[in-house]
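Residue-level listing of the chains:
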Amino acid sequence: MKTYTYKKSSALFKRAAQVIPCGIYGHMSPSPYVPAMNYPFYAARAKGAKFWDVDGNEYIDYMCAYGPMVLGYNHPGVDAAAQKQLKSCNCVTEPAPVMVELAEYLVDLIEIADWAFFAKNGGDVTSYAIMVARAATGRKKIVLVRGGYHGVAPWAQAPGHPGVIEEDHANIVYVDWNDIESFERAISENRGQIAGFMATPYHHPTFDDSAFPAEGYWQKIEALCNKEGIVLIIDDVRCGFRIDMAGSAKYFGFKPDLACYCKAIANGYPISALVGTEALKTYAAKVFHTGSYWFSAEPMAAALATLKELKRINAPALMNKKGKKLLDGLVDIARTHGYTLKVSGMPSMPYLRITDDESLMLHQDWCGEATRRGAFFTSHHNWFVSTAHTDADIKKTWNIADDAFKAVKKQYG
Amino acid sequence: MDREYIKAHLNLHAVFVNLEDLVLYDEEIAAIVKNWNVSLQFIVRNGPRAYVAIHDGRCTVGRGRYKNPSVVLYFFSPAHLNKMFDGKANPVILKGFTRLGFLLKDFPKLTKRLEYYLKPTPELLKNSAYLALNTRFTLTTAVFAIGELGKYDDACKNATSHMRDGVALMKVLPGGPAAHLEFSHGAVVARKGDAEKPMSAIFFKNIKVASEVLNQKLDSFTGVASGLIMPRGQIGMIESIDMMLDRVPAYLG
């Protein structure tokens, strides 16, 4: 099988490194791509479940822009709705009616939602959520699950990272995932001081297996929050609309007070949302939180079109079905080469790792070999499956994965 | 924990450890220490203890007590020790008055030479022999400093306590130098040299790249994407180590 080269990508990165800090920063930085030389760095175009890099190489994309692409790149229905709104108005002195339509739609769609607030990124609404929790309770502390990701605000980053100071974590308390006792301990050690508990619906850390909530975990957390007057915040930014259209909390059988959405909400158009219960609406109103582009109408129209389409086709079920088919095949192919491929998390956003090498070097090489054959796999992060991935894409992916296994078998024996 | 206390640990255990290689790789220093038979005990009140022993051209730097040292140097506080490292204070000699000449004249030849290698100038780095030793010593200092910060710096202690067990290797290709950190049950130990089956590894393409990264002239993100730095294995470990590495200048900068 032909393997790709990245001459133009490399040249562009060299230019970028001169004028942009670390060339490509943040979650799109190539630094977790291991080996980096097996990966492209710049996309030229995209359509459906595929993108093409600046060297003209084609990829079946299993990162989906790290989640936002859910219906396929350049989805005609979503793009048409966005274009239509753009022709009317976008970023204007006042919001457009579509903002109200979108809020009404989310309130109808998401089980716990009595109101909706819009911003741009997931981190905007996770930060807003903890402000609302603090405003509502008059308390300072926020409990987070160790290893969870809630954006890049200083409070959300791991202590010690450059630019993050000790005081940023002065009111953050960490507990372990699926560990009720550690939450109970946190409550007892900070009695009357905890404003909110924030976690993802299931644990999906980078660099590690995903973990579902243990039986009764969320129900116990919910009961403790209710008893102690703690605002329960679900960060559904990554899982949202890939597990359940009514919110991932519904799937796992609990009712948070606040829920954060972004990624899949608008198929790539920049918008995020916080939804909440009636009891917190007044406090949400009191917290001043805004941004220059948070009222732009085009992404709101795109979100409305995306959500309607996701609901129409029952996208979570569809993505999980496609994901299961893909993953079952990959696990079988790995087995034929003598490897064990472990899959964790929902099939619509699975985390994979070859367990035969604990250091993950073999897994990294396999992902890199697959990528330079046309299936964009990463080794550090959960993948994403979209509704646009076709059976033909999946079959092609299996062939690529098989050839990539042959390549690593040669290397590792 | 107190900054001076942590800095004292770094000075004794991350900087002084380079004396072991200095006597091996610097010919001038090797000739000087060839016939030395001396051991220095460093005692810091409310701080670390360490020793430097030089016998038959070999140097050993270690933690804690040295049995029957020839010289005992006492410091009233970690800040006192750190001032000595900055050339602004002298220790109290508790034992070894007969070695006063050695302490004032001979031993400083080693520490000054080490300082010369650890404080590069752009001009000096053009010299390949200097570059090689600067890189070796800087790599060792960085790895051993992480080992100390993992014990005493709050953010690094937190990172270490949650670190996956296994060895994290830092190596200059093709043949070294190398140093590694062994994480086990939330504790960390730094060692010089290669490691056979690391859980994670950071490979530097060559000495020049390693020098640029370790001397903060090249950011690691750009280095990785450019293929100059090659991380492998458990990237979570490498991310944490990178964070810890960024904290070293706060103490030794």
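Owing to the predicted nature of the structure, the values given are computational and were not obtained by experimental measurement.

**Student:** Describe the packing of helix α6 (residues 128-152) of chain B against helix α8 (residues 207-214) of chain B, listing the residues and the values that go with them.
**Tutor:** Residues and elements named next belong to chain B. Interaxial distance between α6 and α8 falls to 9 Å at its minimum, and their mutual angle equals 50°. Between α6 and α8, the crossing angle belongs to the class labelled oblique. Of the two elements, α6 crosses α8, and the hand of that crossing is left-handed. Mapping the contact onto sequence places Leu 131, Ala 132, Asn 134, Thr 135, Thr 138, Leu 139 and Ala 142 in α6 and Ile 207, Lys 208, Ala 210, Ser 211 and Leu 214 in α8. Among the residues forming the contact of α6 with α8, the class breakdown is seven nonpolar, four polar and one charged.

**Student:** Can you break down the packing of aromatic side chains residue by residue, with the values?
**Tutor:** All names here are of chain A. Taken as a whole and assessed by the stated rule, the structure comprises 40 aromatic pairs over all chains. Ring centres of Tyr 62 and Trp 383 lie 5.9 Å apart, and the angle between their planes is 35°; this geometry places the pair in the tilted category. Taken together, the residues span a long stretch of sequence, with Tyr 62 in the loop between β3 (58-61) and α2 (76-88) and Trp 383 in the loop between β13 (375-376) and α12 (391-412) at a distance of 321 residues. A relative accessible area of 1% places Tyr 62 in the buried class. The exposure class assigned to Trp 383 is buried, which follows from its relative accessible area of 1%. Seen from their ring centres, Phe 117 and Trp 294 are 6.1 Å apart, and the 85° between their planes marks the pair as edge-to-face. Here Phe 117, found in strand β4 (residues 115-119), pairs with Trp 294, found in the loop between α8 (281-286) and α9 (297-312); they are 177 residues apart in sequence, far enough to count as distant.

**Student:** Lay out the interface of chain A and chain B with the relevant residues and their values.
**Tutor:** You'll often see interface size given as the accessible area lost when the parts meet. Each partner contributes residues to the interface: chain A has 25 residues there, and chain B has 24 residues. Of all residues in chain A, Ser 31, Phe 207 and Met 361 of chain A bury the most surface against chain B, accounting for 25% of the area lost on that side. If you look at where chain A meets chain B, you find two salt bridges. For Arg 164 of chain B, the salt bridge identified is with Asp 208 of chain A, shortest N-O distance 3.9 Å. For the pair chain A and chain B, the interface holds six residue pairs in polar contact (both at pLDDT 80 or more).

**Student:** Go over empty space enclosed by the protein with me, naming the residues and quoting the values.
**Tutor:** Within the structure shown, the criterion is met by two cavities of 30 Å³ or more. Considering only enclosed or pocket space, the largest cavity measures out at about 50 Å³ in volume. Lining the largest cavity, in full, are Ile 110, Glu 111, Ile 112, Ile 234, Asp 236, Ala 246, Gly 247, Ser 248, Ala 249, Pro 256, Ala 259 and Tyr 261 of chain A. When grouped by side-chain class, the residues that make up the lining of the largest cavity number eight nonpolar, two polar and two charged. Taken as a whole, the second largest cavity encloses approximately 40 Å³ of empty space. Lining the second largest cavity we find Phe 207, Leu 360, Gln 364, Ser 379 and His 380 of chain A together with Gly 233, Gln 234, Ile 235 and Gly 236 of chain B. Within the lining of the second largest cavity, the residues separate by chemical class into three nonpolar, six polar and no charged.

**Student:** If you had to explain helix α3 (residues 98-109) of chain A to someone new, which residues and values would you point to?
**Tutor:** Taking 1.5 Å per residue as the helical rise, α3 of chain A with its 12 residues ought to reach 16 Å, and the 16 Å between its terminal C-alpha atoms agrees with that figure. In this structure, the buried residues of α3 of chain A make contact with α2, β4, β10 (272-276) and α9 of chain A.

**Student:** Requested: an account of the domain arrangement of chain A, with residues and values cited.
**Tutor:** Residues and elements named next belong to chain A. We note that the domain assignment places domain 1 (7-61 + 315-412) and domain 2 (76-312) within chain A. Distance between the C-alpha centres of domain 1 and domain 2: 28 Å. Domain 1 puts 18 residues into the contact, and the matching count from domain 2 is 18 residues. Where domain 1 abuts domain 2, roughly 1600 Å² becomes buried across the two surfaces, and 59% of that area is made up of carbon and sulfur atoms. Broken down residue by residue, the surface that domain 1 buries against domain 2 is led by Pro 316, Met 346 and Met 349, which jointly contribute 32%. Where domain 1 meets domain 2, there are two salt bridges. At the surface where domain 1 touches domain 2, the tally comes to 11 residue pairs in polar contact (both at pLDDT 80 or more). Put simply, the parts of the chain that give the side of domain 1 that touches domain 2 at least two residues each are α10 (315-336), β11 (341-344) and β12 (351-354).

**Student:** Report on the domain arrangement of chain B, specifying residues and quantitative values.
**Tutor:** All names here are of chain B. By domain assignment, chain B separates into domain 1 (3-118) and domain 2 (146-252). Distance between the C-alpha centres of domain 1 and domain 2: 26 Å. Facing the 13 residues of domain 1 at the interface are nine residues of domain 2. Each partner contributes to the roughly 1000 Å² buried at the junction of domain 1 and domain 2, and carbon and sulfur atoms together form 65% of this total.

**Student:** Break down the side chain of His 363 of chain A for me, citing the residues and quoting the values.
**Tutor:** All names here are of chain A. Here His 363 shows up in helix α11 (residues 361-371). His 363 gets classed as buried once you look at its relative accessible area, which sits at 0%. In this structure the side chain of His 363 is engaged in a polar contact, spanning 3.0 Å, whose partner is the backbone oxygen of Leu 352. Those residues within four positions of His 363 in sequence are excluded, and the remaining contacts are Leu 341, Leu 352, Arg 353, Ile 354 and Ser 379.

**Student:** Describe the nonpolar core, naming the residues involved and giving the relevant values.
**Tutor:** Counting residues in hydrophobic clusters, the biggest one holds 69 residues, and the most contacted among them are Leu 106, Phe 197, Trp 218, Phe 241, Ile 265 and Leu 307 of chain A. Residue contributions to this core peak at eight residues, all from α9 of chain A. Two domains each donate at least three residues to this core, and these are domain 1 (7-61 + 315-412) and domain 2 (76-312) of chain A. By size, the runner-up hydrophobic cluster in this structure holds 45 residues, among which are Ala 179, Phe 183, Leu 218 and Tyr 251 of chain B.

**Student:** Outline unusual backbone geometry, listing residues and values.
**Tutor:** The phi torsion of most residues other than glycine is negative, and most of the peptide bonds are trans. Omega for the bond connecting Leu 173 of chain B with Pro 174 of chain B falls within 30 degrees of zero, at 5°, which places this linkage in the cis form. For Pro 174 of chain B, the location among the structural elements is in the loop between β6 (166-172) and β7 (178-184). Residue Pro 177 of chain B is reached from Gly 176 of chain B by a cis peptide bond, and omega for that bond is 10°. Here Pro 177 of chain B shows up in the loop between β6 and β7. One non-glycine residue with positive phi stands out, namely Asn 74 of chain A, at about 55°. With respect to the helices and strands, Asn 74 of chain A occurs in the loop between β3 and α2. In this structure Asn 74 of chain A comes out as partly exposed when scored by relative accessible area, which is 44%. Positive phi values are uncommon outside glycine, yet Asn 178 of chain A reaches one of about 65°. Within the element layout of this structure, Asn 178 of chain A appears in the loop between β6 (172-175) and α5 (180-189).

**Student:** I'd love a proper account of the sheet that holds strand β10 (residues 229-233) of chain B, names of residues and values included.
**Tutor:** All names here are of chain B. If you walk across this open sheet you meet the five strands as β8-β7-β6-β9-β10, and the pairing is mixed. Sheet topology places β8 (187-192) and β10 at the edges, where each strand pairs with a single neighbour. Going across the sheet, the axis of each strand differs from the next one's by a mean of 15°, ignoring polarity. Judged from the five bridges that link them, β6 and strand β9 (residues 200-204) form a sheet pairing that is parallel.

**Student:** Just give me the short version of the sheet that holds strand β1 (residues 37-44) of chain B, but keep the residues and values in it.
**Tutor:** Residues and elements named next belong to chain B. Strand order in the open sheet made by the five strands is β3-β2-β1-β4-β5, with mixed pairing throughout. With one partner strand each, in any of the chains shown, β3 (58-63) and β5 (92-95) form the two edges of the open sheet. On average, each strand axis in the sheet is inclined to that of its neighbour by 20°, with strand direction left out of account. As paired elements, β1 and strand β4 (residues 71-75) share five bridges and run parallel to each other. Each bridged residue has a counterpart across the sheet, and for Gln 41 the counterpart in β4 is Val 72.

Cut-off values and rules
- Residues numbered from 1 in each chain as written.
- Chains lettered and ligands numbered in written order.
- Predicted model: local features only at pLDDT ≥ 70, side-chain atom pairs only at ≥ 80, totals over all residues.
- Heavy atoms only, no water.
- Axes fitted to C-alpha atoms, helices over the stretch in contact; angles between N-to-C directions.
- Helix = DSSP H or I, 4+ residues; strand = E, 2+ residues; numbered from the N terminus.
- Parallel < 35°, antiparallel > 145°, perpendicular 65-115°, else oblique.
- Left-handed = near helix turned anticlockwise from the far one by under 90°.
- Contact = heavy atoms within 4.5 Å.
- Nonpolar A, V, L, I, M, F, W, Y, C, P; charged D, E, K, R; others polar.
- Phe/Tyr/Trp six-rings, centres within 6.5 Å; stacked < 30°, edge-to-face > 60°.
- Buried < 20%, exposed > 50% of the residue type's maximum accessible area, 1.4 Å probe, protein only.
- Buried area = accessible area lost by both parts, 1.4 Å probe.
- Salt bridge = Lys/Arg side-chain N within 4 Å of Asp/Glu carboxyl O.
- Polar contact = N/O pair within 3.5 Å; in protein donor to acceptor, adjacent residues only side chain to side chain.
- 1 Å grid on protein atoms, 1.4 Å probe; cavity = no way out; pocket = protein on both sides within 12 Å on 5 of 7 lines; lining within 4 Å.
- Points joined across faces, edges and corners; volume = space filled by probe spheres on them.
- Expected span 1.5 Å × (residues − 1).
- Domains from an automatic or database assignment.
- Core = buried A, V, L, I, M, F, W, Y, C linked by side-chain atoms within 4.5 Å.
- Pairing = 2+ DSSP bridges.

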